[in-house]
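Remarks on the overall topology
Listed below, chain by chain, are the residues.
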Amino acid sequence: MPIVNHDQYIDMIDRAKAGGFAYPAVNVRSSVALHAALRGFAEAGSDGIIQVTVRSTEFWSGSLIRDRVAGAVAFADFARAVAANYPVNIALHTDHCPQEDLDTFLRPLIAVSQRRVAQGDEPLFQSYMWDGSAMPLDANLRIADDLLAECAKASALLEVEIGVVGGEEEGLAATGDAKLFSTPEDALRLVRAMGDGERGRYLVAATFGNVHGVYKPGNVRLRPAILADLQRAVAAEVGRPSPLNLVFHGGSGSSRDDMRQAITNGTVKVNIDTDTQYAFTRAIAHHMFANYDGVLKVDGEVGRKKVYDDRSYLEKAEMAMAERVSRACRDLGSANRSTSPS
């Protein structure tokens, strides 16, 4: 199926909310990882979200060039070309963009989508994330409100974050005094600033003790019941139940029970990155250890070309990462729920 359009993406979000499931959102840094994500979604019969960060789009442009906008455009164009061969619906998303990268990443990409839409084409990405979590909430929301209007012109959704996700991702780390738990007051200030969807739909990354990366059992204690508190506060304000479309950042390493409780409380998107990275690299490491005397020219020998051919281990990496994506679909309840006609 082609990459979804704006209306189809909103339908994906609404179906997840109504059906009590969430979509895995998978970060990719290469064409092989992109195919792994697509394969995983297809094998699970799940629609899904594929995303890139500021740093990964630099890598997409080439490690010598590191042009984040060119890399993002190249990724989106390539994804649009190859996703058409997979029988599921896929949305494209840009992940964390902090304030220092707004004018060199997020705003230029939204402008690209606006130009495309003005010409009658689909936007480059279906949603964009503004990460103002390091700022005071009022300043965060002022920028978010401006970006919401720009995203509406680009037929795209905006993702915002209230509170701070712990850990580190792509060079972004929470500080020691970071606010790791969102409050009902935060959620009310968000809705009062940005509306209830009448000026543009948006997703909310609220925090409930979640962290980026993977930590040993017991080191991270999630409190997904906080999400229910946010929903109740906003529901009383806007007059309808469970109004927030929530995003769970740092889903890797989380228990299925915590993820399911987050979904019950209105989560529709769960970011799965670290686990898929590990699955990808673990398969390559196994290949290298099992075939060390073939991938290396040991003791003056010539090695074995068929095992140092990069396809031999990258295909294994694709398969391993795809399995991890499929498992995420099953855990989050999106498996076998694709609405693709293919």
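These figures come from a predicted structure and were not determined experimentally. (Residues numbered from 1 in each chain as written. Predicted model: local features only at pLDDT ≥ 70, side-chain atom pairs only at ≥ 80, totals over all residues. Heavy atoms only, no water.)

**Re the nonpolar core**
Counting residues in hydrophobic clusters, the biggest one holds 82 residues, and the most contacted among them are Val-28, Ile-50, Phe-75, Phe-125, Trp-130 and Leu-158. Not counting the four nearest positions on each side in its chain, Phe-125 is found in contact with Val-52, Ala-72, Phe-75, Ala-76, Leu-92, His-93, Thr-94, Leu-109, Ser-113 and Ala-156. One finds Tyr-9, Tyr-23, Ala-205 and Val-268 within the second-largest nonpolar core, a separate group that totals 16 residues. (Core = buried A, V, L, I, M, F, W, Y, C linked by side-chain atoms within 4.5 Å. Buried < 20%, exposed > 50% of the residue type's maximum accessible area, 1.4 Å probe, protein only. Contact = heavy atoms within 4.5 Å.)

**A look at helix H13 (residues 310-332)**
In this model, H13 (23 residues) spans 33 Å end to end at C-alpha, consistent with the 33 Å of a helix rising 1.5 Å per residue. Just downstream of H13 lies Gly-333, where phi reads positive at about 85°. (Helix = DSSP H or I, 4+ residues; strand = E, 2+ residues; numbered from the N terminus. Expected span 1.5 Å × (residues − 1).)

**A short note on the sheet that holds strand E10 (residues 267-272)**
In spatial order, the strands read E1-E2-E3-E4-E5-E8-E9-E10; together these 8 strands close into a barrel with parallel pairing. Each neighbouring strand pair of the sheet contributes to a mean axis angle of 30°, computed without reference to strand direction. Against the sheet, H13 makes contact with strand E1 (23-27) and E10, and its axis sits at roughly 150° relative to E1, the strand it touches most. (Pairing = 2+ DSSP bridges. Axes fitted to C-alpha atoms, helices over the stretch in contact; angles between N-to-C directions.)

**Considerations on the pattern of salt bridges**
One pass over the structure, following the stated rule, counts 24 salt bridges. Two residues, Arg-304 and Asp-293, come together in a salt bridge whose shortest N-O distance is 3.4 Å. Placement of Arg-304 in the loop between helix H11 (292-295) and helix H12 (305-308) and of Asp-293 in helix H11 is noted, with a sequence separation of 11 residues between them. Each of Arg-55, Glu-58, Arg-68 and Asp-101 takes part in a single network of salt bridges with overlapping partners. (Salt bridge = Lys/Arg side-chain N within 4 Å of Asp/Glu carboxyl O.)

**Remarks on the pairing of strand E5 (residues 157-162)**
Remember that side chains alternate between the two faces of the sheet whenever the strand is regular. With 6 of 6 residues buried, E5 is to be regarded as a mostly interior element. Pairing analysis gives 4 bridges linking strand E4 (residues 127-130) to E5, with the strands arranged parallel. Of the residues in E5, the one forming a bridge with Met-129 is Glu-159. Crossover E4 to E5 through helix H6 (residues 137-153) is right-handed. In terms of strand pairing, E5 meets strand E8 (residues 202-206) through 5 bridges, oriented parallel. Its bridge partner lying in E8, Val-160 is registered against Val-204. (Right-handed = clockwise from strand over helix to strand, strands pointing away.)

**Notes on the packing of aromatic side chains**
Two numbers describe a pair of aromatic rings. These are the distance of the centres and the angle of the planes. Scanning the model with the defined rule gives 6 aromatic pairs in all. Between Trp-60 and Phe-78, the aromatic rings sit 6.5 Å apart at their centres with planes inclined by 45°, giving tilted as the arrangement. Pair noted here: Trp-60 is in helix H3 (residues 54-60) and Phe-78 is in helix H4 (residues 68-83), with a separation of 18 residues, a long-range link. Residue classification places Trp-60 among the buried residues on the basis of a relative accessible area of 15%. A relative accessible area of 31% places Phe-78 in the partly exposed class. The interplanar angle of 25° and the centroid separation of 6.0 Å between the aromatic rings of Phe-75 and Phe-125 together place this pair among those described as stacked. Here Phe-75 is found in helix H4, whereas its partner Phe-125 is found in the loop between helix H5 (102-118) and E4, with 50 residues between them in sequence. (Phe/Tyr/Trp six-rings, centres within 6.5 Å; stacked < 30°, edge-to-face > 60°.)

**Thoughts on the confidence of the model for the protein**
With 92% of its residues at a pLDDT of 70 or more, the protein has an overall mean of 93. Across residues 166-178 the pLDDT falls below 50, and counting only partners more than four positions away or on other chains, this stretch makes 29 contacts in the model. (pLDDT = per-residue confidence, 0-100.)

**Observations regarding the environment of Ser-326**
Locating Ser-326 in the fold gives a position in helix H13. For the pair Ser-326 and Ala-72, spaced 254 residues apart in the sequence, the C-alpha separation amounts to 25 Å.

**A short note on the side chain of Glu-159**
Looking at where Glu-159 falls in the secondary structure, it is placed in strand E5. Only 3.1 Å separates the side chain of Glu-159 from the side chain of His-93, close enough to count as a polar contact. Within polar-contact distance, the side chain of Glu-159 engages the side chain of Lys-269 at 3.0 Å. With residues up to four places along the chain from it excluded, the contact list for Glu-159 reads His-93, Tyr-128, Met-129, Trp-130, Leu-203, Ala-205, Val-247, His-249 and Lys-269. (Polar contact = N/O pair within 3.5 Å; in protein donor to acceptor, adjacent residues only side chain to side chain.)

**With respect to helix H9 (residues 256-264)**
Listing the buried residues of H9 in full gives Met-259, Ala-262 and Ile-263. Mapping the buried residues of H9 onto a view down its axis gives an arc of 100°, with all of them on the same face. With respect to the buried face of H9, the exposed residues turned more than 90 degrees away are Asp-257 and Thr-264. Where the residues of H9 are buried, they touch helix H8 (225-238), strand E9 (246-248), E10 and H13. Within two residues after H9, Gly-266 carries a phi angle of roughly 105°, on the positive side. (Arc of directions from axis to C-beta.)

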